[in-house]
Amino acid sequence: MIQHPYLPQTEDEIKSMLETIGVSSIDDLFSDIAPSVLLQKELNLPKTKTEWEVYQELSHLAEKNRSAISFLGCGSYDHILPSVVGRIMGLPMFYTSYTPYQAEISQGVLQAIFEFQSMICSITGMDVANASLYDGATAAVEAAAMAVNSSRNSDTILVSETVHPSTKAVLRTYFGDLGINIVEVPAEKGQSNFAAIRDALKSEVAAVLVQTPNIFGYLEDLTGLADAVHDNKSKLIVSSNPMSLGIARSQAEWNADIAVGDTQPFGLPSYFGGPSVGYIATREKLMRKLPGRIVGQTTDAEGKRAFVLTLQAREQHIKRERATSNICSNQALAALGTTIYLSLIGKQGLKEAGNLCLQKAHYLHDRLVKELGAEALSAEPFFNEFTLNIGSKTDDLIKALRSGGIYGGVRVENLDERYQGLVTIAVTEKRTKQEMDRYVDIAREVL
Amino acid sequence: MDGETQLIFERSVAGRRGFLFPENDMETKPIDNLIPENYRRNSETCLPEVSEVDVVRHFTELASRSFGVDAGFYPLGSCTMKYNPKVNEDIAALSGFTSLHPLQPSEDVQGILELMYKLTKGLCELTGMQWGTLQPFAGAHGEFTGMKLFKAYFKSRGEHDRRKILVPTSAHGTNPASAHISGFEVQEIEADHRGLVSIEDLKKHLDENLAGIMLTNPNTLGLFEKDIETIATLVHDAGGLLYYDGANLNAIMGKVRPGDMGFDVIHMNLHKTFSTPHGGGGPGAGPVLVSKRLVKFLPVPDVEKQGEAYDFCFAHPESIGRISGFYGNIGVLTRAYAFLLAMGSDGLTAASEMAVLNANYLRSRLKTSFSIPFEGICKHEFVLSAKNIKEEFGISALDVAKALLDAGIHPPTIYFPLIVPEALMIEPTESESKETLDRFVEVMESIAKQAAVDPQKLHDAPHQTPVRRVDEVQAAKHPIVAWRPE
């Protein structure tokens, strides 16, 4: 038996505890397990390591990763991270606490979640949000499930082709063998084909899912779409990069029923894709269909304002085998990061950050397209991301930029092989003119 | 700390700033030229306008009105709230991990891919399985993934009528929910007088429609399912599969492996067993590991090793597909891998032994003041019942829980499993010292004594917390779920 720093019991204590229990050895505590299933060998893993050894080994792995000036986007973005966010998320009472079932000692966590819900409602323009979901893709799934569960005899979700390919893939995994059809409506030149979506609206359609800015970065004009969807008694789900919503129309302003997306741009490092936070918000009439945890305001026994997990009759621990979502844990700590970030930047900062992304993305776009003659996929307005059709020179361009210390963009064919030769370029407020000029100089050699 | 805390919105003062972005270092064009009016937001947000120090003090105050493992004992049954080693936070914060974009070229992310590969291998060794995926974001997400693997397996065999999943009455609520949302029908299996799966009842459910069974072993009463080999044989012979809910794996590491017991799919809750912080309810990680016959159905992408290099592989034609936008909660995986290395084979085994020792010690000491519904030794957790003090003095499990708050102890899970009246489900974990356990016993005994002397004080508990007992009914009847400007 080793004396490990994470295991406080000493040999003397173990002995005395065994006596209290009335057994003579630790093995006796496992005597209820048949010898035939008891492991008869030691695990084939290295032995205990010290803290210092572990740190060395993991630092070495971290150093094997490399990075560059990043113009990568498509769902994860390199934004400026305020120092306060990481510091406050690291406060032990936040990060070592559990789901706040015991409201009286969890007021801080509960209030932070209430503030998160309030901010998501405000940004999307919706009435009610939950305490977070896993990520943007699974948020779209939960929204689709809400739509299916709130309309009878519906078995189809219409998805615009311009929705993130991963989101479409996750939708197919979730609904593939439930008898629910995920029908993709083909796009044209990086834009949803709204006429085709309208034509495809049949009585069995539960919801229409669109994304703006879309996977190629372009904003979509959803004028009239909600009316058509609602005339068909279907729900409109709109997914958005929330960073765009300081300047672009919110989901509520497009008259959507459910708003979803991923808050990674709000104060969370890209961290190879996770943890981030899926957000979901909806209208009051769908409140009781909303999956996951929700915090509500109430009072305590003395009449003071207090917060508590509420509306739990919707959840798996009451509805069990009738539950329409199994979500239990969410991304509370990462949602706290988003809440701190939004508190810091405030209403003015959200507009400013959005405008900086917009201005910088257009600078690079105009230099590449107008100056170098690169072919843009679409002439539609975009936010912080746009797509070039580089064709057969894609390899050369990406490699040349990589050699120059730049990740030039996402090859969209890596997300969906239909998109050969397309490169989606994301520009955040973090990118400088100097970095973009370097990008252009290298691109000039290749294009 | 006493009284109410302002909401961050209530601290807002128009014009105040908490963060500045760099000025635009190139020509700024009018937004109208870049985004036409029709695409533009035309309403204000209500985000607060506060200074940096306002933000820091606000959230520091909220942190002080919360309770974490770092503050005190957290014997929350089936949630495994153990100590979170601090070096893991330093490791997780290394910029070589945090700054990685999920779509970087694979030659630039060899370190994280190696970590993912080796963690998967380590978890396979620990559980006795063949291979797995680290993608699920949480235990429930792992359950869903596992149920999809069941579906894919039966589909590949043309057994479309296998739609029935069995779960014990004591199962975690997410089990039936996960089976249901995956298109299965759920049937409950009863527990017998021992608190174990009733073999007799199980046999009644074995037919050509059986897809499988979802079990946690040790079960939610903290009891090891002694008949597991019989259960596995019965289910397999009937053509079904076995799913292992890893919520309770902390009791058996290095002792028993789910793969050796006959399970086909397991999820692990890394945020429990591998001590990654719960963060107020996430992020977690719920890797899924499978036996050989299910490997080809695992989600994509899969991490593969080719020679000395690691890469993602998407080319698995029979895969269930993608289950997350990218690859899961990588930040949680780095902490878990650090824990795996720090513990090692001997440490993991010792952790289980100490978790089981601590649970049995508490159980032995508490059985005089409270009733114990099931005899025998327990594993990492056990269930007490407050039904004696409820009947005699009207003191419920909820009252006991609220009284514990005043002693600076997080209450156990209460009213679960549903099959025990006034249940208090206690899991001390391996990281608690004998002094902590002894103090818990003293506090529990004093609550039991107080039930006889001054029950009203217990009904009114807690007394020392930032707020008094919270009105849950009001919250549900008149939902206020977001702050709005006046």
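Treat the numbers as computed from the prediction; the structure is a model and nothing was measured.

*Asks:* Quick rundown of the interface of chain A and chain B? Include the residues and the values.
*Replies:* On the chain B side, the residues contacting the 188 residues of chain A number 203 residues. Summing the contributions of chain A and of chain B, the shared interface buries around 17100 Å²; its carbon and sulfur component is 63%. At the boundary of chain A with chain B, the tally comes to 13 salt bridges. Ionic pairing is found between E125(B) and K41(A), a salt bridge with its closest N-O pair at 3.3 Å.

*Asks:* Describe empty space enclosed by the protein, and please don't skip the residues or the numbers.
*Replies:* The tally for this structure, following the rule as stated, stands at 11 cavities of 30 Å³ or more. In this model, the largest cavity occupies a volume close to 410 Å³. As for the largest cavity, its lining consists of 31 residues, and the residues nearest its centre are G75(A), H164(A), Q211(A), S239(A) and D262(A). Looking at the lining of the largest cavity, the elements that each hand over two or more residues are helix 6 (136–149), helix 7 (165–175), strand 5 (205–211) and strand 7 (258–262) of chain A. The element contributing the most residues to the lining of the largest cavity is helix 6 of chain A, with 3 residues. Class assignment for the residues of the lining of the largest cavity results in 11 nonpolar, 17 polar and 3 charged. Considering the residues around the second largest cavity, the lining is formed by M116(B), T120(B), W131(B), G132(B), T133(B), L134(B), Q135(B), P301(B), D302(B), V303(B), F312(B) and Y327(B). Secondary structure elements with two or more residues in the lining of the second largest cavity: helix 5 (110–127), strand 1 (131–133) and strand 8 (302–306) of chain B. The leading source of residues in the lining of the second largest cavity is strand 1 of chain B, at 3 residues. Split by residue class, the lining of the second largest cavity holds 7 nonpolar, 4 polar and 1 charged.

*Asks:* Explain the sheet that holds strand 10 (residues 382–385) of chain B to me, using residue names and the numbers behind them.
*Replies:* Whenever strands of a sheet pair, they do so through backbone hydrogen bonds, lying parallel or antiparallel. Ordered in space as 10-12-11 (chain B), the 3 strands form an open sheet in which the pairing is antiparallel. Looking at strand neighbours, the two that pair on one side only are strand 10 and strand 11 (413–414) of chain B, the edges of this open sheet.

*Asks:* Describe the layout of surface pockets, naming the residues involved and giving the relevant values.
*Replies:* Rolled over the atoms, a probe with the dimensions of a water molecule shows which regions are left empty. Put simply, the second largest pocket is a space of about 1100 Å³. In terms of lining, the second largest pocket is formed by 45 residues, of which the most central are Y101(A), R293(A), Q312(A), H317(A) and T413(B). At the level of elements, strand 10 (305–309) and helix 10 (316–319) of chain A together with helix 6 (139–156), helix 11 (270–273), helix 14 (397–406), strand 11 and helix 17 (472–477) of chain B are the ones that each hand at least two residues to the lining of the second largest pocket. Among the residues forming the lining of the second largest pocket, the class breakdown is 21 nonpolar, 17 polar and 7 charged.

*Asks:* Tell me about the sheet that holds strand 7 (residues 288–290) of chain B, residues and numbers included.
*Replies:* Residues and elements named next belong to chain B. The strand order across the open sheet built from 7 strands is 1-7-6-5-4-2-3, with neighbouring strands paired in mixed fashion. The open sheet has two edge strands with one neighbour each: strand 1 and strand 3 (185–189). The average undirected angle you get between the axes of adjacent strands in this sheet is 25 degrees. In this sheet, strand 6 (residues 265–268) lies alongside strand 5 (residues 241–246) in parallel orientation, the contact comprising 4 bridges. The residue of strand 6 that forms the bridge with Y243 is V265. The sheet contacts of helix 5 involve strand 1, strand 6 and strand 7, and relative to strand 1 the element is tilted by about 125 degrees. Running over the sheet, helix 9 (residues 228–237) touches strand 4 (210–215) and strand 5 and is turned about 160 degrees from strand 4.

*Asks:* Give a description of the nonpolar core that names residues and reports values.
*Replies:* Formed by 147 residues in total, the largest nonpolar core has its most connected members in F272(A), F97(B), M116(B) and F274(B). Considering each element in turn, this core owes the most residues, 21 residues, to helix 12 (residues 330–366) of chain B. When near neighbours in sequence (up to four residues on either side) are disregarded, M116(B) contacts F272(A), L134(B), V303(B), F312(B), Y327(B) and I330(B). Membership of the second largest hydrophobic core comes to 89 residues, among which are I113(A), L222(A), A353(A) and L358(A).

*Asks:* Tell me about the pattern of salt bridges, and name the residues and values.
*Replies:* Residue and element names in this part refer to chain B. Inspection of every chain in the model, using the stated rule, returns 51 salt bridges over all chains. Across the pair R163 and E185 runs a salt bridge whose closest N-O atoms are separated by 3.3 Å. You can see R163 sitting in the loop between helix 6 and strand 2 (164–168) and its partner E185 sitting in strand 3, a full 22 residues away along the chain. Across the pair K164 and D207 runs a salt bridge, and its minimum N-O distance is 2.9 Å. Here the residue K164 occupies a position in strand 2, and D207 occupies one in the loop between helix 8 (199–204) and strand 4, the gap between them amounting to 43 residues.

*Asks:* Report on the packing of aromatic side chains, specifying residues and quantitative values.
*Replies:* Within the structure shown, the criterion is met by 25 aromatic pairs over all chains. An aromatic cluster is built from Y6(A), Y83(B), F274(B) and F339(B), whose rings are joined through pairwise contacts. K379(B) extends its terminal NZ or CZ atom over the ring of F30(A), reaching a point 5.3 Å from the ring centre.

*Asks:* Any chance you could break down helix 5 of chain B for me, citing the residues and the numbers?
*Replies:* Residues and elements named next belong to chain B. Over its 18 residues, helix 5 runs 26 Å from end to end, which matches the ideal 26 Å to within 8%, given 1.5 Å per residue. Taking burial as the measure, the 18 residues of helix 5 include 16 buried ones, the bulk of the element. G128 sits one or two positions beyond helix 5 and adopts a positive phi of about 75 degrees.

*Asks:* Account for the confidence of the model for chain B, with residues named and values stated.
*Replies:* Summing up the model confidence of chain B, the mean pLDDT is 96 and the portion of residues at 70 or higher is 99%. The ipTM assigned to the predicted complex is 0.97, against a pTM of 0.98.

*Asks:* Go over the side chain of R431(A) with me, naming the residues and quoting the values.
*Replies:* Residue and element names in this part refer to chain A. Within the secondary structure layout, R431 lies in the loop between strand 15 (422–426) and helix 13 (433–446). A residue is classified by how much of its surface remains accessible, and R431, at 5% relative accessible area, is buried. When residues no more than four places from it in sequence are discounted, the contact partners of R431 are I69, S70, F71, D78, K360 and M436.

Conventions used here
- Residues numbered from 1 in each chain as written.
- Chains lettered and ligands numbered in written order.
- Predicted model: local features only at pLDDT ≥ 70, side-chain atom pairs only at ≥ 80, totals over all residues.
- Heavy atoms only, no water.
- Contact = heavy atoms within 4.5 Å.
- Buried area = accessible area lost by both parts, 1.4 Å probe.
- Salt bridge = Lys/Arg side-chain N within 4 Å of Asp/Glu carboxyl O.
- 1 Å grid on protein atoms, 1.4 Å probe; cavity = no way out; pocket = protein on both sides within 12 Å on 5 of 7 lines; lining within 4 Å.
- Points joined across faces, edges and corners; volume = space filled by probe spheres on them.
- Helix = DSSP H or I, 4+ residues; strand = E, 2+ residues; numbered from the N terminus.
- Nonpolar A, V, L, I, M, F, W, Y, C, P; charged D, E, K, R; others polar.
- Pairing = 2+ DSSP bridges.
- Axes fitted to C-alpha atoms, helices over the stretch in contact; angles between N-to-C directions.
- Core = buried A, V, L, I, M, F, W, Y, C linked by side-chain atoms within 4.5 Å.
- Buried < 20%, exposed > 50% of the residue type's maximum accessible area, 1.4 Å probe, protein only.
- Phe/Tyr/Trp six-rings, centres within 6.5 Å; stacked < 30°, edge-to-face > 60°.
- Lys NZ or Arg CZ within 6 Å of the ring centre and 35° of its normal.
- Expected span 1.5 Å × (residues − 1).
- pLDDT = per-residue confidence, 0-100.

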